[in-house]
Protein chains: 2
Amino acid sequence: MEKKRVRLVVAYDGTAYHGWQYQNNAVTVEEKLHDAIFNLTKEDVEVVGASRTDAGVHSLGNIAVFDTDSPIPADKFSFALNQYLPEDIRVLKSDEVSPDWHPRKVNSKKTYEYRIYNAPIPLPTKRLYADFEYGDFDVEAMNEAAAFLIGEHDFKSFCSEGAQVLTTVRLLYDAKVYREDTDIVIRVTGAGFLYNMVRIIAGTLMEVGRGKRAASEMPKIIEACDRQAAGPTAPARGLTLIKYEFE
Amino acid sequence: MEKKRVRLVVAYDGTAYHGWQYQNNAVTVEEKLHDAIFNLTKEDVEVVGASRTDAGVHSLGNIAVFDTDSPIPADKFSFALNQYLPEDIRVLKSDEVSPDWHPRKVNSKKTYEYRIYNAPIPLPTKRLYADFEYGDFDVEAMNEAAAFLIGEHDFKSFCSEGAQVLTTVRLLYDAKVYREDTDIVIRVTGAGFLYNMVRIIAGTLMEVGRGKRAASEMPKIIEACDRQAAGPTAPARGLTLIKYEFE
């Protein structure tokens, strides 16, 4: 009998992890999922993730698949795996997909949120899930600047060195910036993102918010196709992968 | 010259602490504040807190005072102490009060929030600041039940053993329960609270929400003046001291 492919929706607090992808000398989310599946099924599977989030980045809905001979129904894996996972990783949902369904080879929309806690003094209960920034931000200017990112562009200026990709062209469906109580939220939806792309977008938009750059400079920053043209990479703790939507 | 009395508004993530009050063999918030003041001023002061929150309970606005000969202006202590405090404790504000001002001897209103993340599966990024509960809750019934708590009552049924108090009579100004997205929030404001009182109120209201008790039973539970009459003590992580208001 053919193995079945199980798809997982995975939420995690990235604080304690060196990102998603397996590493020899550091604890990762992929490793914890692999171990939980092994402890549940005794199968040594390959866990394939949709997004290889960086160290410290959080998720409300990363996607992973694995193949199994286990008689456990696909939709029961969620509850079963949670018994073997640490408290800071949870499988929110599981279902069966066709054996050729690959989370990085299907068309999808991904939504990320970058959250800034904007106040005079950091708040301890916010420190893990938002970047702290004091001082004034022009959120309208940030939102204006973000609008220039929407569409298909070469986002090379917003990609950290060391990424091996065939093309740095990506398609953004939406990018907006708004206040939510004490927070400034940068929310972007796209067909795909480059290495550190959302954090570099956040760092650049923060410079716009502080008046160091004009919103109208964004097209020039994009056109430069040069990492030096954009702002700094904002801290990982502010970033959360919100959701995947598949066609 | 007389020492000046400095008042602090203190926020903390209670996860790593054995509560507010100094203990010999455990790390507490009071100890961390004491040490920060010592490192800043070289004075070995007594830090007097308004609320001795339990292990694991969070704060957005506990109050503390200490006396000092330091030339640092009272309103500058906030920023100065934050340089010496761990990331999970922050002084949000500091000011000078009269030398006889004592945070437990002045009339005040305290507001606490007990937060329940109500969903099928726990969310990692919510686990530290909310109690997780799955299943259905009748939030209207919880709110009805909470209304019976408003006013001056003997809250002995809502007080854990081991507390040394002259009276278990307390005055509640407000108590309400409402949904906030995926959360159920229990918000209470009172002139004072007994040991574990808000967590026992939360545990009792959750039983009402699950239909184990009727809202109309609350007067009987109060009148019993017996800890056994009320529900369980809800977990500490769901509780946050929101603010103090002084006359």
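Residues numbered from 1 in each chain as written. Chains lettered and ligands numbered in written order. Predicted model: local features only at pLDDT ≥ 70, side-chain atom pairs only at ≥ 80, totals over all residues. Heavy atoms only, no water.

When helices and strands are tallied, chain A shows five helices and 10 strands. Expected size for 247 residues packed as a compact globule is a radius of gyration near 18 Å; at 19 Å, chain A falls within 12% of this value. The principal-axis extent of the C-alpha atoms belonging to chain A is close to 60 × 40 × 30 Å. Across the 247 residues that make up chain A, the buried fraction comes to 55%. A fraction of 72% describes how many contacts in chain A between residues 6 or more apart in sequence connect residues 24 or more apart. Approximately 11400 Å² of chain A is accessible, and the part contributed by carbon and sulfur atoms is 47%. Averaging the locations of the 30 positively and 37 negatively charged side chains of chain A gives two centres separated by 1 Å. (Helix = DSSP H or I, 4+ residues; strand = E, 2+ residues; numbered from the N terminus. Rg over C-alpha atoms; globule rule 2.2 N^0.38 Å. Buried < 20%, exposed > 50% of the residue type's maximum accessible area, 1.4 Å probe, protein only. Contact = heavy atoms within 4.5 Å. Areas by Shrake-Rupley, 256 points an atom, 1.4 Å probe, with all protein chains shown as cover. Lys, Arg positive; Asp, Glu negative; His and termini not counted. Charge placed at Lys NZ, Arg CZ, Asp CG, Glu CD.)

Before going further, it helps to spend a moment on the relation of the copies chain B and chain A. In screw terms, the move from chain B to chain A is a rotation of 180° and a rise of 0.0 Å along the axis, fitting with an RMSD of 0.0 Å. In short, the pair behaves as if placed about a two-fold rotation axis. Of the interface residues in chain B, 100% have counterparts in chain A that sit at the interface too, so the contact is made through matching surfaces. (Least-squares fit on C-alpha atoms with pLDDT ≥ 70 in both.)

This part covers the confidence of the model for chain A. Chain-level pLDDT for chain A is 96 on average; 99% of the residues reach the 70-or-more range. Here the complex is predicted with pTM 0.93, and the ipTM for its interfaces comes to 0.91. (pLDDT = per-residue confidence, 0-100.)

Moving on, we come to the packing of aromatic side chains. All names here are of chain A. By the definition in use, this model includes 16 aromatic pairs over all chains. Pairing F132 with Y134 gives two aromatic rings, centres 6.2 Å apart and planes at 40°, and the pair type is tilted. Judged by its relative accessible area of 24%, F132 is partly exposed. Judged by relative accessible area, Y134 falls into the exposed class, the value being 54%. A network of ring pairs unites the aromatic residues W101, Y244 and F246 as a single cluster. (Phe/Tyr/Trp six-rings, centres within 6.5 Å; stacked < 30°, edge-to-face > 60°.)

Attention shifts here to the interface of chain B and chain A. The figure often quoted for interface size is the accessible area lost as the parts come together. With 24 residues of chain B at the contact, the number on the chain A side is 24 residues. A combined buried area of about 1900 Å² lies between chain B and chain A, and 69% of that area is made up of carbon and sulfur atoms. In this assembly, chain B and chain A are joined by six salt bridges. Two residues, R237(B) and E87(A), come together in a salt bridge whose shortest N-O distance is 3.3 Å. Counting the contacts that link chain B with chain A gives four residue pairs in polar contact (both at pLDDT 80 or more). When residues of the side of chain B that touches chain A are assigned to their parent elements, the largest contribution, four residues, is made by strand β4 (residues 89-97) of chain B. (Buried area = accessible area lost by both parts, 1.4 Å probe. Salt bridge = Lys/Arg side-chain N within 4 Å of Asp/Glu carboxyl O. Polar contact = N/O pair within 3.5 Å; in protein donor to acceptor, adjacent residues only side chain to side chain.)

Enumeration according to the criterion identifies 30 salt bridges over all chains in this entry. A salt bridge links D95(B) to R7(B); the nearest nitrogen and oxygen atoms lie 3.0 Å apart. With a gap of 88 residues between them, D95(B) in strand β4 and R7(B) in strand β1 (residues 4-12) connect regions that are remote in the sequence. Judged by relative accessible area, which is 19%, R7(B) ranks as buried. A single network of salt bridges, built from pairs that share partners, joins E113(A), R115(A), K126(A), E180(A), D183(A) and R187(A).

So, on to the environment of A202(B). All names here are of chain B. Structurally, A202 can be placed in helix α4 (residues 197-209). On the basis of relative accessibility, which here comes to 0%, the residue A202 falls in the buried class. Residues A202 and L149, 53 residues apart in the sequence, show an inter-C-alpha distance of 12 Å.

Attention now goes to helix α4 (residues 197-209) of chain A. All names here are of chain A. The terminal C-alpha atoms of α4 lie 18 Å apart, and with 13 residues this matches the ideal 18 Å at 1.5 Å per residue to within 8%. Counting buried positions along α4 gives 13 out of 13 residues, so the element sits mostly inside the fold. Just past α4, the residue G211 takes up positive phi, approximately 80°. (Expected span 1.5 Å × (residues − 1).)

The subject of this paragraph is unusual backbone geometry. Positive phi, normally seen in glycine, also occurs at K42(A), with a value near 65°. You can see K42(A) is positioned in the loop between α1 (29-41) and β2 (48-49). Phi angles above zero are rare outside glycine, and N196(B) is one such case at about 65°.

A word on the packing of helix α3 (residues 139-147) of chain A against α4(A). Residue and element names in this part refer to chain A. Where α3 meets α4, the closest approach of the two axes is 8 Å, and the angle between their N-to-C directions is 135°. In this view, α3 runs oblique relative to α4, as classed from their interaxial angle. Where α3 crosses over α4, the two elements pack in a sense that is right-handed. Only L205, M206, V208 and G209 of α4 make contact with α3, whose side of the interface consists of A141, M142, A145 and A146. (Axes fitted to C-alpha atoms, helices over the stretch in contact; angles between N-to-C directions. Parallel < 35°, antiparallel > 145°, perpendicular 65-115°, else oblique. Left-handed = near helix turned anticlockwise from the far one by under 90°.)

Moving on to the domain arrangement of chain A. Residue and element names in this part refer to chain A. What the domain assignment lists for chain A is domain 1 (4-97) and domain 2 (109-246). Here domain 1 and domain 2 have C-alpha centroids that lie 27 Å from each other. Opposite the 16 residues of domain 1 that make contact, domain 2 presents 15 residues. With both chains or domains summed, domain 1 and domain 2 bury close to 1200 Å², and 58% of this area falls on carbon and sulfur atoms. At the surface where domain 1 touches domain 2, the tally comes to one salt bridge. (Domains from an automatic or database assignment.)

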